[in-house]
Amino acid sequence: MNKSIEKLLNDQVKYEATASMQYLSMASWADAKGYNGIAEFFYAQSEEERVHMTKLVKFINERSGTVIVPALDKPKADFKSLSELFETFLSSEVFVTEKINHIIFECLQKKDYNVHNFMQWYVTEQLEEEAVARTLLDKLNIIGNDKSGHYLFDRDINTIATEADAPE
Ligand code: FEO
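Structural notes, computed from the coordinates.

About the thresholds
What you see as residue numbers is a count from 1 along each chain, following the sequence as written. A pLDDT threshold of at least 70 governs which residues receive local features in this predicted model, and a stricter bar of 80 or more applies before side-chain atom pairs are shown or counted, although totals over entire chains, interfaces and linings include all residues. Side-chain measures here rest on the full set of heavy atoms in the structure, leaving out hydrogens and waters. Interaxial angles span 0 to 180 degrees and are taken between N-to-C directions of axes, which are lines fitted to C-alpha atoms, for helices over the stretch in contact. Counting from the N terminus, the helices are the DSSP runs of H or I reaching at least four residues and the strands are the DSSP runs of E reaching at least two. In what follows, roughly perpendicular refers to angles from 65 to 115 degrees, roughly parallel to angles under 35, roughly antiparallel to angles over 145, and oblique to any angle outside these ranges. Two helices crossing with the near one rotated counterclockwise from the far one by less than a right angle form a left-handed crossing, whereas a clockwise rotation gives a right-handed crossing. In this analysis, two residues are considered to be in contact whenever any of their non-hydrogen atoms come within 4.5 Å of each other. Following the grouping adopted for this structure description, the nonpolar residues are Ala, Val, Leu, Ile, Met, Phe, Trp, Tyr, Cys and Pro, the charged ones are Asp, Glu, Lys and Arg, and the polar ones are all others, Gly among them. Only protein chains enter the area calculation, which uses a 1.4 Å probe; residues under 20% of their type maximum are buried, those over 50% are exposed, and those in between are partly exposed. By definition here, a helix of n residues has an expected span of 1.5 Å times n minus one. Note that the bend at a residue is defined as the angle between axes fitted to the seven residues ending at it and the seven residues starting at it. As used in this structure description, the phrase polar contact means that two N or O atoms lie within 3.5 Å; if the pair is within protein, one of them must be able to donate a hydrogen and the other to accept it, and residues adjacent in sequence are counted only when both atoms belong to side chains.

### Details of the packing of helix H4 (residues 113–143) against helix H5 (residues 147–165)
Next, step 1: In the contact formed by H4 and H5, the axes pass within 9 Å of each other and the chain directions differ by 150°. Judged by the angle between their axes, H4 and H5 are roughly antiparallel. Relative to H5, H4 is oriented so that their crossing is right-handed. Where H4 abuts H5, its residues Glu128, Ala131, Val132, Thr135, Leu136, Lys139, Leu140 and Ile143 lie against Gly149, His150, Phe153, Ile157, Ile160, Ala161, Ala164 and Asp165.
Next, step 2: For the contact of H4 with H5, the residue count by class is ten nonpolar, three polar and three charged.

Set out below in structure tokens:
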């Protein structure tokens, strides 16, 4: 595998791991505040990001590359509001999408169609996750500071997320 592509894939391992730990931190924050639905949503997101990370680790090894398991920065652990929590979610997903797009660009430059093909799964995954994050944030913006709205959002988050994720 091209060394610069291998480096980008290892960087992506770190970004997926960082997202996983960030969402675990967000799940724990929501859990402590009594938002059980939101907590379960982020526990599940954290697991998903771990799967994304492991898939990359296995792929690099399959291609006889060298995996570098990274050290991570401490994730953000405190949030002023539900809106801030979901803004953090969206900005994390937007960041990951940018990095994936960069890998795709470099694969085309280096004519590595094998990695390009592998990364298509991530492109699709990012489209879905960004759509979910935007929809949830839109709903929160409508709700504003209404406490009973927050109660319903917490109760219905999985339904809202599933609808956002559904193909048109
Ligand atoms: Fe795997 Fe949503 O980044």
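### Thoughts on the environment of Ala133
Next, step 1: Of note, Ala133 is situated in helix H4.
Next, step 2: Distance in space between the C-alpha atoms of Ala133 and Leu90 is 5.2 Å, their sequence separation being 43 residues.
Next, step 3: Non-local contacts of Ala133, meaning those with residues more than four positions away in its chain, are made with Phe89 and Leu90.

### With respect to unusual backbone geometry
Next, step 1: We note that Ser64 has phi near 60°; this positive angle belongs to a residue other than glycine.
Next, step 2: One non-glycine residue, Lys111, adopts positive backbone phi at about 55°.
Next, step 3: Tracing the chain through its elements places Lys111 in the loop between helix H3 (82–110) and H4.
Next, step 4: Judged by relative accessible area, Lys111 falls into the exposed class, the value being 58%.

### Examining H5
For an α-helix the count is 3.6 residues per turn, leaving residues at separations of three or four pointing the same way.
Next, step 1: With 19 residues, H5 should cover 27 Å at 1.5 Å per step; its first-to-last C-alpha distance of 26 Å lies within 8% of that length.
Next, step 2: Remark: the principal bend of H5, roughly 65°, maps to Asp156.
Next, step 3: Check the buried side of H5 and you find it contacts helix H2 (36–62), H3 and H4.

### Observations regarding H3
Next, step 1: Across its 29 residues, H3 extends 42 Å between first and last C-alpha, which sits within 8% of the 42 Å expected from 1.5 Å per residue.
Next, step 2: Looking one or two residues beyond H3, the residue adopting positive phi is Lys111, at roughly 55°.

### What about the side chain of His52?
Next, step 1: Mapped onto the elements of the fold, His52 is located in helix H2.
Next, step 2: A polar contact of 3.3 Å, which involves the side chain of His52, links it to the side chain of Glu125.
Next, step 3: If we skip the residues at most four places from it in the chain, His52 touches Glu16, Trp121, Tyr122, Glu125 and Glu129.

### A short note on the environment of Ser46
Next, step 1: With respect to the element layout, Ser46 can be found in helix H2.
Next, step 2: Ser46 sits 13 residues away from Lys33 along the chain, and the two C-alpha atoms are 18 Å apart.
Next, step 3: Excluding residues within four positions of it along the chain, Ser46 makes contact with Ser20, Tyr23 and Leu24.
Next, step 4: Here the side chain of Ser46 touches Ser20 through a polar contact of 2.8 Å, landing on its backbone oxygen.

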